[in-house]
Amino acid sequence: MSSADFVALLPLIVLGATAIVVMMSIAFRRSHALASTLTLVGLAVAFWSLWPAAGEVPRQVTPLLVIDRFALYYFGLIIAATFAVVLMSYGYLERHDVRREEFYVLLLVAALGSAVLVSSDHFISFFLGLEILSVTLYALSAYLTERGIALEAGMKYLVLAAASAAFLLFGMALVYAETGTMSFPQLASDFAAGGAAHLWVLAGIAFMVTGFGFKLAVVPFHLWTPDVYQGAPAPVTAFVASVSKGAMFAILLRFFYQSGSRDLHATLLIFGIIAIASMIAGNLMALFQNNVKRILAYSSIAHLGYLLVAFEAGGLFGAAAGTFYLTAYMITTLGAFGVIAVLSASGRDAEDIEDYRGLFWRRPGLATVFTVMLFSLAGIPLTAGFLGKFYTVAAGTNSSIWVLIFVLVATSVIGLFYYLRVVVALFATEHIPSDAERPLPVVPAMGGVTLGVLALALIWLGVYPHVILHAIQSAMSGIF
Amino acid sequence: MILVWLIAIPLVAGVIAGFVARRSQLASRLISLLAMVVGFVISVWLWAANYSHISLLTQRQWLAEFNVPWISSFGIRFHLAMDGMSLLLVTLTFLLGIASVMISWREIHDGVGFFHFNLLWVIAGIVAVFLAMDLFLFYFSWELMLIPMYFLIAIWGHERRVYAAVKFFLFTQLSGLLMLVAILTLYFAHHAATGVYTFEYSQLIGTPLAPHTAMLVMLGFFAAFAVKLPMFPFHTWLPDAHTEAPTAGSVVLAGLLLKTGAYGLLRFVLPLFPRAAHEFAPIAIALAIAGILYGALLAYGQTDLKRLVAYTSVSHLGFVLLGIFIGTPLAIAGAFITIIAHGISTGTMFMLVGMVQERTHTREMDRLGGLWQTAPRLSGSGVFFVLASIGLPGLGDFVGEFLVLLGTYRVSPMVAAFATVGVLCSTFYGLKFVARAFHGPNTNKWKLPDLSGREIALVGAMMVVLLWLGLYPQPVLNTFKPTAQRLEQVVHGPGMGYRR
């Protein structure tokens, strides 16, 4: 490997090294402040290292990893989102009587796994990245071991993720058995020569779709989502909903675009059906929830359905629309779960819709941030969610996938209904619980500032998206 | 640049008013009032300064313009422009904005800061809708004005406010999304024809579309505007929203928000899709007639004063829809006058009902009656505006509806006959309103304070404007003329064969 390879890999190396440094520091001295500070510094350095790495792209580093603009863009997203999760975790963990420091090691390893995932163009690295991510997430979901519900979440996630990994592996094996290669570019040339029509390849891709479906939590592979979202600690849920799903969507784009299997009739059909089912089922089921975490869980199913619409639209336009939507969605979910995290007391998370009744009159700042997040999820102007929806509908209109577009339009109106329920509770003027009935914890300074920054980022992207649009459009060169 | 100020002043003042309310509610109200007055003065000044040459403006000439790139990857520009039509509507917006702030002076006590924030932002959104000449910007503002309106209803409304607010939001969102799909289809069709990605209004005019596509795209736009207008049978959100909203909310809804629908039809549907609109006209006319009659009938059946006034809006806006789709210059001018006059008369009606409710804590006609004996000035003003609403000659509403009927008669006497029945029906509900609320014996022994100085000033000013519109509408017609001519050219352009 040349030095240029190392420079290109710098973000991954820094992430891995930070995990080790934090682990070592815990061995010497247990200090929550130290561990979190080291983590933040490491993440900041990793983010900085994107610029030197950008000088070397696109670069194939070993047959397993490719560092291109696409990967770097997603590196940036992953690192920034993890940074936000760390900031909101600090105050959250302070309220819990657990060993806090290892949390950050796990978080860093999970970020590393996600980064490997988005830069892989080979089945081996794809699977390695996925497993690094998944295994740390089992532990993170069950981190608050004193809560039964957290253990249940970890267990459910373990069983289902293991099953989905098995599907994915089997699918890869079938494709490999027929084509004799595991690298995406070589698969592309093989498929282009007509290899995709073979029955084993199709079966392999179908199994892989199942594996992707589990990780993205789209209908009918979504059953784990509400329980894990509800059971896991709020910052972990934020991580699962943003980074884990985001990385999975990135590898979905890369695999299906680069290998050329997106253009197969069968792929488009199956993802079309999954998208429609997710948009309808996710939005309908969210209507009947009273638990904010579960509402967000079902809404995430619907949002992944919207993302698949962008995927179905295809082309540079569709990929860019999906990436922009995902960027907006990541900021939004981080913010939404961040609000839950800072409002959660030590015994339980603030997840009942009643916890939010009249919040605007008690904590106007927090309620405003939450409203911005909910409006972004609902796709209302001034927020990035609006532009994301606009971009997705534009991509769909451009490709004339009318059925998907109209399902998107109809279901997002259903979606409005439950977002508004939460907003109505936030701004309710009657039956506002007093401080004695539902005490509100003091908002930790760091968590509060993070939320403010996330809300501003959302509005900035919604009003002046020029910079990020430009970055995304050039990033898409990686997979074309 | 002056156009940016018209939007920025309410936006900024809204934020300031929101923050200062913690220290002083009075300061919050005064700042809001000041912002509205400044906006009104600017628009009147624009009108006065340009009046001499306003009717001479030719096509594609604007009174004022502001155009900078915004999201260049999509060809989106921040393009504001003003012609006679938008000037008049913006003036109306600020006038009713002043009224909304003043009418809330005593009515709103809780959350004063957030209330004025929402009120000023909805005004800013409406102004932006009237000025946007980039279709993306238009859609952006269109959606943006909903949220503050939603909060106004959901927080400060009456008994069933949450239900009404959510219903309002869902109706307008669904139709708005259909318009978004239509805008995007037009955008890509324009790119396919010319190779240019743009949302610019003046460039999208004349985009070649297959007749079938043009019809579907036109319907997408029409859906959004018809729900807002509201057109029968998409009006069901309106009685709920109007009834449950606080007085200022009802004034803004009836006086301004409904007008954005009519504006959209005039600005976008007719010029962008003349042929499709022409083909669709018989259906729109039939629905307009249905709305006129149905609204009047239901208004007669109401006992809740606010609900009654809300249904009269359905009826009056039916005339606007009728005038627009009849499409002769006379009918379109009539529709426009109705837009302005209805904004003033119905807005003031809602204010008066609000004053009655503030004093008696009821809107039920059965519990009122005989108010004239105890509050003659209030009752007298009520009668004045009821008469305006039923089309008394000499007041603004009469001019508008008369011109629409005249224009319609030339095209189809049959349709005109049906519409005239609607005018007749309005007499029934109008007289019922007056008889049950103001006249008769004072059975409930109401002892009410009469109009205060602030209220007299407010209602009196509205009376003057309405009288002026009724007696001398020529300045408004002159100002609207270039827009009307432009419409006439696109709608009746060569080869259109539009009936006259």
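Residues numbered from 1 in each chain as written. Chains lettered and ligands numbered in written order. Predicted model: local features only at pLDDT ≥ 70, side-chain atom pairs only at ≥ 80, totals over all residues. Heavy atoms only, no water.

Attention shifts here to the layout of surface pockets. Put simply, the largest pocket is a space of about 1,200 Å³. Going through the elements one at a time, α15 (359-362), α16 (364-378) and α19 (445-463) of chain A together with α1 (2-20), α4 (112-131) and α6 (146-156) of chain B are the ones with two or more residues in the lining of the largest pocket. Broken down by element, the residue count for the lining of the largest pocket peaks at eight residues, all from α16 of chain A. Its residues assigned to classes, the lining of the largest pocket shows 26 nonpolar, 13 polar and two charged. In this model, the second largest pocket occupies a volume close to 1,000 Å³. Lining the second largest pocket are 33 residues, with F47, G76, L77, A80 and I468 of chain A positioned closest to its centre. When contributions to the lining of the second largest pocket are tallied by element, the ones reaching two or more residues are α2 (32-48), α3 (50-54), α4 (69-94), α14 (315-343), α19 and α20 (466-475) of chain A. (1 Å grid on protein atoms, 1.4 Å probe; cavity = no way out; pocket = protein on both sides within 12 Å on 5 of 7 lines; lining within 4 Å. Points joined across faces, edges and corners; volume = space filled by probe spheres on them. Helix = DSSP H or I, 4+ residues; strand = E, 2+ residues; numbered from the N terminus. Nonpolar A, V, L, I, M, F, W, Y, C, P; charged D, E, K, R; others polar.)

Residues and elements named next belong to chain A. Locating R254 in the fold gives a position in helix α11 (residues 234-258). Engagement of the side chain of R254 in a polar contact is seen with the backbone oxygen of V118, the distance being 3.0 Å. Setting aside residues no more than four positions away along its own chain, R254 makes contact with V66, D68, F70, A71, V118, S119, S120, D121, F184, S259, G478 and I479. (Polar contact = N/O pair within 3.5 Å; in protein donor to acceptor, adjacent residues only side chain to side chain. Contact = heavy atoms within 4.5 Å.)

Structurally, the position occupied by T243 of chain B is in helix α10 (residues 237-244). Of the polar contacts made by the side chain of T243 of chain B, one reaches the backbone oxygen of P239 of chain B; its length is 2.4 Å.

What follows is about the packing of helix α6 (residues 123-141) of chain A against helix α7 (residues 148-179) of chain A. Residue and element names in this part refer to chain A. Between α6 and α7, whose axes approach to 8 Å, the crossing angle comes to 170°. For the element pair α6 / α7, the angle class is roughly antiparallel. Across from F123, F126, F127, L130, E131, S134, L137, Y138 and S141 in α6, the residues of α7 making contact are A150, A153, G154, Y157, L158, A161, A162, A165, L168, L169, M172 and V175. Split into classes, the residues belonging to the contact of α6 with α7 amount to 17 nonpolar, three polar and one charged. (Axes fitted to C-alpha atoms, helices over the stretch in contact; angles between N-to-C directions. Parallel < 35°, antiparallel > 145°, perpendicular 65-115°, else oblique.)

Here we take up the packing of α14 of chain A against helix α17 (residues 384-398) of chain A. Residue and element names in this part refer to chain A. The interhelical angle for the contact between α14 and α17, taken along N-to-C directions, is 160°, at an axis separation of 8 Å. Put simply, α14 runs roughly antiparallel to α17. Seen from above, α14 lies across α17 with left-handed handedness. In contact with F317, G318, A320, A321, F324, Y325 and A328 of α14, α17 contributes A384, G385, L387, G388, K389, Y391, T392, A394, A395 and N398. (Left-handed = near helix turned anticlockwise from the far one by under 90°.)

Glancing now at the interface of chain B and chain A. Buried accessible area, meaning the area lost when the parts come together, often serves as the stated size of an interface. Taken together, the 34 residues of chain B in the interface contact 38 residues of chain A. Of the roughly 3,300 Å² buried between chain B and chain A, counting both surfaces, carbon and sulfur atoms make up 84%. Along the contact surface separating chain B from chain A lie two residue pairs in polar contact (both at pLDDT 80 or more). Per element, the largest residue contribution to the side of chain B that touches chain A is 14 residues, and it comes from helix α7 (residues 161-194) of chain B. Looking at the side of chain B that touches chain A residue by residue, the class counts come to 26 nonpolar, five polar and three charged. (Buried area = accessible area lost by both parts, 1.4 Å probe.)

Of all hydrophobic cores here, the largest spans 393 residues; its most connected members are F126 of chain A together with F221 and F325 of chain B. Ranked by residue count, the leading element in this core is α14 of chain A, at 19 residues. (Core = buried A, V, L, I, M, F, W, Y, C linked by side-chain atoms within 4.5 Å. Buried < 20%, exposed > 50% of the residue type's maximum accessible area, 1.4 Å probe, protein only.)

In terms of residue burial, strand β2 (residues 76-82) of chain B counts as a mostly covered element, since five of its seven residues are buried. What sits between the antiparallel neighbours strand β1 (residues 64-71) of chain B and β2 of chain B is a turn of four residues, in which G75 of chain B has the positive phi angle 70°. (Pairing = 2+ DSSP bridges.)

Note on pairing: side chains with opposite charge can pair once their charged atoms come close. All told, the structure shown has 19 salt bridges over all chains when counted by the stated rule. R294 of chain A is paired through a salt bridge with D227 of chain A; the nearest N and O atoms lie 3.2 Å apart. Placement of R294 of chain A in helix α13 (residues 292-313) and of D227 of chain A in helix α10 (residues 225-231) is noted, with a sequence separation of 67 residues between them. Between R363 of chain B and D304 of chain B there is a salt bridge; the shortest N-O distance is 3.1 Å. Note that R363 of chain B is positioned in the loop between α14 (329-360) and α15 (371-374) and D304 of chain B in the loop between α12 (274-301) and α13 (305-326), a separation of 59 residues in sequence. Taken as a pair, R363 of chain B and D304 of chain B share a single burial class, namely buried. (Salt bridge = Lys/Arg side-chain N within 4 Å of Asp/Glu carboxyl O.)

Quick look at helix α19 (residues 453-471) of chain B now. Residues and elements named next belong to chain B. When the terminal C-alpha atoms of α19 are compared, their 26 Å separation across 19 residues agrees well with the 27 Å that a helix rising 1.5 Å per residue should span. When α19 is considered as a whole, its buried residues turn out to be E455, L458, V459, M462, L466, L469 and G470. The buried residues of α19 all sit within an arc of 105° when viewed along its axis, so they share a single face. Seen from the open side of α19, the exposed residues pointing more than 90 degrees away from its buried face are G453, V464 and L471. (Expected span 1.5 Å × (residues − 1). Arc of directions from axis to C-beta.)

All right, on to the confidence of the model for chain B then. All names here are of chain B. In this model, chain B carries an average pLDDT of 88, and 97% of its residues clear a pLDDT of 70 or more. Note on residues 494-500: pLDDT is under 50 here. Beyond four places in sequence and across chains, it has 24 contacts. Across the interfaces of the predicted complex, the ipTM metric reaches 0.89, alongside a pTM of 0.92. (pLDDT = per-residue confidence, 0-100.)

A few words on the pairing of β1 of chain B. As judged from the seven bridges shared by β1 of chain B and β2 of chain B, these two strands associate in the antiparallel manner. Residue pairing in the sheet places F66 of chain B in a bridge with L80 of chain B of β2 of chain B.

Residue and element names in this part refer to chain A. A surface patch of nonpolar side chains, amounting to about 420 Å² of accessible area, comprises I459, W460, V463, Y464 and V467. Of all the elements, α19 adds the most residues to the nonpolar patch, at three residues. Locating Y464 in the fold gives a position in the loop between α19 and α20. Classification of Y464 as partly exposed rests on a relative accessible area of 39%. (Patch = residues over 30% accessible without salt bridge, like charges linked within 9 Å, V, L, I, M, F, W, Y side chains within 5 Å. Areas by Shrake-Rupley, 256 points an atom, 1.4 Å probe, with all protein chains shown as cover.)

It is worth spelling out empty space enclosed by the protein at this point. The full count for this structure, using the stated rule, is seven cavities of 30 Å³ or more. Reported here for the largest cavity is a volume of approximately 70 Å³. Put simply, the parts of the chain that give the lining of the largest cavity at least two residues each are α17 of chain A together with α5 (135-144) and α7 of chain B. Looking at side-chain class alone, the lining of the largest cavity contains six nonpolar, three polar and two charged residues.

The next thing to look at is unusual backbone geometry. For the bond from V57 of chain A to P58 of chain A, the omega torsion is -10°, close enough to zero to count as cis. Along the polypeptide, P58 of chain A turns up in the loop between α3 and β1 (59-61). Here the bond from L229 of chain B into P230 of chain B is cis, since omega is -10°, no more than 30 degrees from zero. Position of P230 of chain B relative to the elements: it lies in the loop between α9 (211-228) and α10. Despite not being glycine, A217 of chain A shows a phi value in the positive range, around 60°.

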